[in-house]
Amino acid sequence: RRRGLAGLAPEYPTPAAMLLTVPWWLGAQDPASYRLGFLALVVAVDAAFVLLLAVRTSVLGVVAWILLETLTGPLALLRLDIVVAALVGAAVLFLLEGRLAAAAALVAAATAVKAWPALLIGPVLGEPPARRRALLAAGGTGGVLASVRVAAAGWGRRWAPVAFQRDRGLPI
């Protein structure tokens, strides 16, 4: 059995598993303090995205986000999905502003935590004049995150989420 980050939460990609360790790094000593630390982490990410919405959109954007998040109930603040949603939301904002490289880097970061944002890489690459910068931003972000993953958890972890889902009987 693997110890440390290499063996932690094999169902998650390494960057997601790394996020799961943040409450312990911040001093959580038991499950109750871990839950509180995790809640503080996702609330901080959520607040940062609300601030970004406030700066880059109208009040309507902030209200819409808060309303939609409220409709999901406590689930929004008890999972890593809020991190992915905030990264993708920020990518969409930058995409709408024509900042394709920033959008591509955010999509790459979101994809490192969950796989589904990879579906958005096509739109953020844009047209040929801007495509090169966007590709470099996405590739550079992915490369940095892959290097961090290997340094933190080793090569063996790279397919752990896929193997975990396969072993659960999900068709891959």
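Residues numbered from 1 in each chain as written. Predicted model: local features only at pLDDT ≥ 70, side-chain atom pairs only at ≥ 80, totals over all residues. Heavy atoms only, no water.

Undergrad: Quick one: what's the story with the layout of surface pockets, residue by residue and with numbers?
TA: Of the pockets and cavities examined, the largest pocket occupies roughly 560 Å³. Lining of the largest pocket is provided by 25 residues; of these, P13, T111, A112, A115 and P161 occupy positions nearest its centre. For the lining of the largest pocket, the secondary structure elements donating two or more residues are α1 (14–25), α5 (100–113), α7 (128–153) and α8 (160–167). Volume-wise, the second largest pocket comes out at about 160 Å³. If you trace the second largest pocket, you find it lined by W65, L68, E69, T72, L75, A76, R79, D81, I82 and A85. Among the secondary structure elements, those contributing two or more residues to the lining of the second largest pocket are α3 (59–71) and α4 (81–96). (1 Å grid on protein atoms, 1.4 Å probe; cavity = no way out; pocket = protein on both sides within 12 Å on 5 of 7 lines; lining within 4 Å. Points joined across faces, edges and corners; volume = space filled by probe spheres on them. Helix = DSSP H or I, 4+ residues; strand = E, 2+ residues; numbered from the N terminus.)

Undergrad: Can you lay out α5 for me, pointing to particular residues and giving the numbers?
TA: Taking 1.5 Å per residue, 14 residues should reach 20 Å; α5 reaches 20 Å between its end C-alpha atoms and fits that length. Across the 14 residues that make up α5, a large majority, 12, are buried. For α5, every residue scored as buried is listed here: L100, A101, A103, A104, A105, L106, V107, A108, A109, A110, A112 and V113. Buried-residue contacts for α5 involve α1, α4, α6 (121–125) and α7. (Expected span 1.5 Å × (residues − 1). Buried < 20%, exposed > 50% of the residue type's maximum accessible area, 1.4 Å probe, protein only. Contact = heavy atoms within 4.5 Å.)

Undergrad: Tell me about the pattern of salt bridges, and please be specific about residues and values.
TA: Scanning the entire structure with this criterion turns up four salt bridges. In this structure, R79 engages D81 in a salt bridge whose closest nitrogen and oxygen atoms are separated by 2.6 Å. The class of R79 is partly exposed, set by a relative accessible area of 36%. Given a relative accessible area of 28%, D81 falls into the partly exposed group. One connected set of salt bridges, linked through shared partners, spans R79, D81 and K114. (Salt bridge = Lys/Arg side-chain N within 4 Å of Asp/Glu carboxyl O.)

Undergrad: Tell me what's going on with the packing of α4 against α5, and back it up with residues and numbers.
TA: In a packed pair of helices, the relevant descriptors are the angle between the two axes and the axis-to-axis distance. Packing of α4 against α5 brings their axes to within 8 Å, and their N-to-C directions diverge by 165 degrees. Compared by their axis directions, α4 and α5 come out roughly antiparallel. Along this stretch, α4 crosses α5, giving a crossing that reads as left-handed. Within the contact between the two elements, α4 uses V84, L87, V88, A90, A91, F94 and L95 and α5 uses L100, A102, A103, L106, V107, A109, A110 and V113. Split by residue class, the contact of α4 with α5 holds 15 nonpolar, no polar and no charged. (Axes fitted to C-alpha atoms, helices over the stretch in contact; angles between N-to-C directions. Parallel < 35°, antiparallel > 145°, perpendicular 65-115°, else oblique. Left-handed = near helix turned anticlockwise from the far one by under 90°. Nonpolar A, V, L, I, M, F, W, Y, C, P; charged D, E, K, R; others polar.)

Undergrad: Run through the packing of aromatic side chains, naming residues and quoting values.
TA: By the definition in use, this model includes three aromatic pairs. With a centroid separation of 6.4 Å and 20 degrees between ring planes, the pair formed by Y34 and F38 is classed as stacked. Of this pair, Y34 and F38 both sit in helix α2 (residues 31–56), four residues apart, roughly one helical turn. Classification of Y34 by relative accessible area gives buried; the value is 17%. (Phe/Tyr/Trp six-rings, centres within 6.5 Å; stacked < 30°, edge-to-face > 60°.)

Coordinates in, geometry out; function isn't part of it.
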